[in-house]
Amino acid sequence: MPFTLQAQHKHANGEEHSSHSHYTKHDTTPAHKLIYPSNTPDRIISNLTEDAAHTFAVNWRTDQQVTNGVVEVALATDGPEFLLRDVLKINAVSEKFENQNRNEPLVRAYYHSALIKNLQPNTTYVYRVGNGQKDDGYWSEWFQITTARTDMKEPFSFIYFGDAQNDVKSLWSRVIRNSYRQFPQVDFMLHAGDLISDRDSNLEWGEWFHAGSFIHATVPSVMTPGNHEYRDGVLTSLWKPQFTLPENGPIEELKETCFVIDYQDMKLISIDSEGFDESMEARVAQVKWLDSVLQSNTKKWITITTHYPVYSTKQGRDNWELREAIKPLIDKYEVDLVLQGHDHTYARGFPENEGKGLTVVKDAGTVYAVSVSGPKMYESEDQEWMVRRGEYTQLFQIITVTENTISYGAYTPIGTLYDAFEIIKKKGKKKVINKVPDSLIRLKSDFVEPK
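The model shown is predicted, which means the values in this text are computed figures rather than measured ones.

Q: I tried to follow the overall build of the protein chain on my own but got confused; where do I start?
A: Counting its secondary structure elements, the protein chain contains 7 helices and 27 strands. Overall, the protein chain is about 80 × 60 × 50 Å in size when its C-alpha atoms are taken along their principal axes. A burial count over the protein chain gives 55% of its 451 residues as buried. Of the contacts made within the protein chain by residues no fewer than 6 positions apart, 68% connect residues no fewer than 24 positions apart. Within the structure as shown, the protein chain displays about 20,500 Å² of accessible surface, and the carbon and sulfur contribution to it stands at 48%. Taken as two groups, the 49 positive and 62 negative side-chain charges of the protein chain have centres that lie 3 Å from each other.

Q: What is the right way to look at the environment of Phe421 in this model?
A: Residue position: Phe421 is located in strand 26 (residues 417–426). Judged by relative accessible area, Phe421 falls into the buried class, the value being 1%. If near-sequence neighbours (up to four positions away) are discounted, Phe421 is found in contact with Leu337, Arg348, Val367, Ile406, Ser407, Tyr408, Val432, Ile433, Asn434 and Lys435.

Q: What am I meant to see in the packing of aromatic side chains here?
A: Ring pairs (aromatic) are described by centroid distance and by the angle formed between their planes. Here the structure, examined in full by the defined rule, presents 24 aromatic pairs. Ring geometry for Tyr346 against Tyr418: centres 6.0 Å apart, planes inclined by 85°, an arrangement best described as edge-to-face. On the criterion of sequence distance, the pair formed by Tyr346 in strand 20 (residues 346–349) and Tyr418 in strand 26 is long-range, its members being 72 residues apart. No difference in accessibility class separates Tyr346 from Tyr418, as the two residues are buried. Put simply, the rings of Phe161, Trp172, Trp205, Trp208, Phe209, Trp239 and Phe243 pair up and form one aromatic cluster. In this arrangement the basic side chain of Arg128 is found over the ring face of Trp139, its NZ or CZ atom lying 4.0 Å from the centre. If you follow Arg323 out to its NZ or CZ, it ends over the ring of Tyr311, 5.3 Å from the centre.

Q: Help me out: how do you make sense of the nonpolar core in this one?
A: Across soluble globular proteins, you tend to see nonpolar side chains buried next to one another. If you look at the biggest cluster of nonpolar residues, it comprises 66 residues, and the most contacted ones within it are Phe158, Trp208 and Phe243. Apart from the residues within four sequence positions on either side, Trp208 is in contact with Ile45, Val168, Trp172, His191, Leu195, Ile196, His216, Met223 and Phe243. Among the nonpolar cores identified, the runner-up in size contains 30 residues, and Ala282, Tyr311, Ile330 and Ala347 belong to it.

Q: Mind showing me how you'd approach a positive patch on the surface here?
A: Among the surface-exposed residues, Lys362, Lys426, Lys427 and Lys431 lie close enough to one another that they form a single positively charged patch. Residue placement: Lys426 occurs in strand 26.

Q: Looking at this structure, I do not really get the pattern of salt bridges. What am I missing?
A: Here the idea is simple: oppositely charged side chains can pair when their charged atoms come close. The full count for this structure, using the stated rule, is 20 salt bridges. The partner of Arg348 in a salt bridge is Asp419, and the shortest N-O contact between them spans 2.9 Å. Here Arg348, found in strand 20, pairs with Asp419, found in strand 26; they are 71 residues apart in sequence, far enough to count as distant. We note that Arg348, like Asp419, is buried. The closest approach of N and O atoms between Glu422 and Lys435, which form a salt bridge, is 3.1 Å. Pair noted here: Glu422 is in strand 26 and Lys435 is in the segment after strand 27 (429–434), with a separation of 13 residues, a long-range link. Look at Lys435 and you get partly exposed, because its relative accessible area is 40%. Within the structure, one salt-bridge network assembled from shared partners comprises Glu72, Lys89, Arg128 and Asp136.

Q: Teacher, can you tell me more about a nonpolar patch on the surface here?
A: A cluster of nonpolar side chains, namely Tyr392, Phe447 and Val448, defines an oily patch on the protein surface of about 250 Å² accessible area. The topology assignment puts Phe447 in the segment after strand 27.

Q: Explain the pairing of strand 5 (residues 70–75) here, please?
A: Side chains on a regular strand alternate between the two faces of the sheet. Counted residue by residue, strand 5 has 5 buried out of 6 residues, so it is predominantly covered. Taken together, the 4 bridges between strand 5 and strand 6 (residues 88–91) define a ladder with antiparallel strand orientation. If you follow Glu72 over to strand 6, its bridge partner there is Lys89. Note that strand 5 and strand 9 (residues 124–130) share 6 bridges and pair antiparallel. Each residue of the ladder has a partner; that of Val70, found in strand 9, is Gly130.

Q: Help me understand the side chain of His191 in this model?
A: As for its position among the elements, His191 is in strand 12 (residues 188–191). His191 gets classed as buried once you look at its relative accessible area, which sits at 3%. In contact with His191, not counting residues within four places along its chain, are Phe161, Trp172, Trp208, Ser221, Val222, Met223 and Thr224.

Q: Can you walk me through the environment of Asp438 in this structure?
A: Position of Asp438 relative to the elements: it lies in the segment after strand 27. Accessibility expressed as a relative area gives 85% for Asp438, which makes it exposed. C-alpha separation for the pair Asp438 and Gln295, spaced 143 residues apart in sequence, amounts to 40 Å.

Q: Could you clarify how one ought to interpret unusual backbone geometry in this entry?
A: For residues other than glycine, phi is negative in most cases, and the peptide bonds are mostly trans. With phi around 50°, Arg43 is a residue other than glycine that occupies positive phi space. Checked against the element boundaries, Arg43 lands in strand 3 (residues 42–47). One non-glycine residue, Lys427, lies in the positive phi region at around 50°. One can find Lys427 in the loop between strand 26 and strand 27.

Q: Looking at this structure, how should I read the sheet that holds strand 6?
A: Across the sheet, 4 strands lie side by side as 6-5-9-10; this open sheet has antiparallel pairing. Looking at the sheet topology across the chains shown, the edges are occupied by strand 6 and strand 10 (143–146). Strand after strand, the sheet turns through a mean of 30° between neighbouring axes, direction not considered. As paired strands, strand 9 and strand 10 are joined by 4 bridges and run antiparallel to one another. Considered in strand 10, the bridge of Tyr127 is made with Phe143. The strands touched by helix 3 (residues 202–218) are strand 9 and strand 10; relative to strand 10, the strand with the most contacts, the crossing angle is about 50°.

So, how was this worked out
Residues numbered from 1 in each chain as written. Predicted model: local features only at pLDDT ≥ 70, side-chain atom pairs only at ≥ 80, totals over all residues. Heavy atoms only, no water. Helix = DSSP H or I, 4+ residues; strand = E, 2+ residues; numbered from the N terminus. Buried < 20%, exposed > 50% of the residue type's maximum accessible area, 1.4 Å probe, protein only. Contact = heavy atoms within 4.5 Å. Areas by Shrake-Rupley, 256 points an atom, 1.4 Å probe, with all protein chains shown as cover. Lys, Arg positive; Asp, Glu negative; His and termini not counted. Charge placed at Lys NZ, Arg CZ, Asp CG, Glu CD. Phe/Tyr/Trp six-rings, centres within 6.5 Å; stacked < 30°, edge-to-face > 60°. Lys NZ or Arg CZ within 6 Å of the ring centre and 35° of its normal. Core = buried A, V, L, I, M, F, W, Y, C linked by side-chain atoms within 4.5 Å. Patch = residues over 30% accessible without salt bridge, like charges linked within 9 Å, V, L, I, M, F, W, Y side chains within 5 Å. Salt bridge = Lys/Arg side-chain N within 4 Å of Asp/Glu carboxyl O. Pairing = 2+ DSSP bridges. Axes fitted to C-alpha atoms, helices over the stretch in contact; angles between N-to-C directions.

In structure tokens, the structure reads:
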């Protein structure tokens, strides 16, 4: 008898039904599996902590039938023998939550978060999240994650993304996935704001988590909010349930948006530029706090991430208040890198234009980068501070930090190198070696007819 596809199946009571999703009450909602939770954990993400050598944070979501969360953690082994040993169980903090974004259905969920402590540096662990019961249907798969090193001379690397924002499932997914495929040993991923477009959209956040899938759970992420994580000066209510980020910022309203992380021999600082723009209290607090953080710094390298560019890529998008407030501190404390988003183009260079057209720039100051990883594209203008610019190009940046060098490469989703440079710092002196590929600048007008 030939094999045929059956459009119907029998339930336990013998009744036949046509094939359907088991989210029956949600079947009429497009992309309902991205929007609604179930009793199996989803939106699982590990976040970078203040002490990444000894801790990591993990967050996930379930439906409201699962009211508690548990993380199981063990040393990774060559086979499944870690299951035969003592598996550590950590109770999560669980929060009942519901929200309804405009033009979307009401979503009810539980969000769970846990901080895994007392780990060994540079060690690979396995973990899974669930409800603590034996039924595997309530658990995630086992993930592997590796803690940071404590040797300041050991190299590490991270990937920096500008705005994902639009068509995240459709067109951003290949960017994050190929970044991981090309650099699978990366230590963490940094997002410079506007992860999605509509701050409270469960569909858009569902697309963002879907695009990164297991990568989010195995490579720790750190993110600064953009203007699209805000609306009318209010941060999305999903930010803190979904992520666990450091709470060492200057004031309560900036917890988990403005913070500092010491990662090996680099100080990584998040400035909440939308908070800076919307609130005078947040503006004053961040400037005072940044001065204090940089004044007490003992790390060799300093990287700042902020969504709004200190130097924008086009007139009319200038953030002069931000620049006038923090650039004196950036210069005073000789910050190495400023990583930004928002302008939906690419640019990288030096504000004083030291070294434009040169291969080696001596006594180099801060290097500023603006990038975009999603498909929403604007146009830019050639400016004095720029060494390399580009339009209509989705990019991710791999940044590798060693004892005396920061190496930076900007890549397209198909792996084409678009920009590169090195910062070399020895005995208090810093130089930049530009390694711009011998390829044409990409402009939107090359691909899209002007209207």
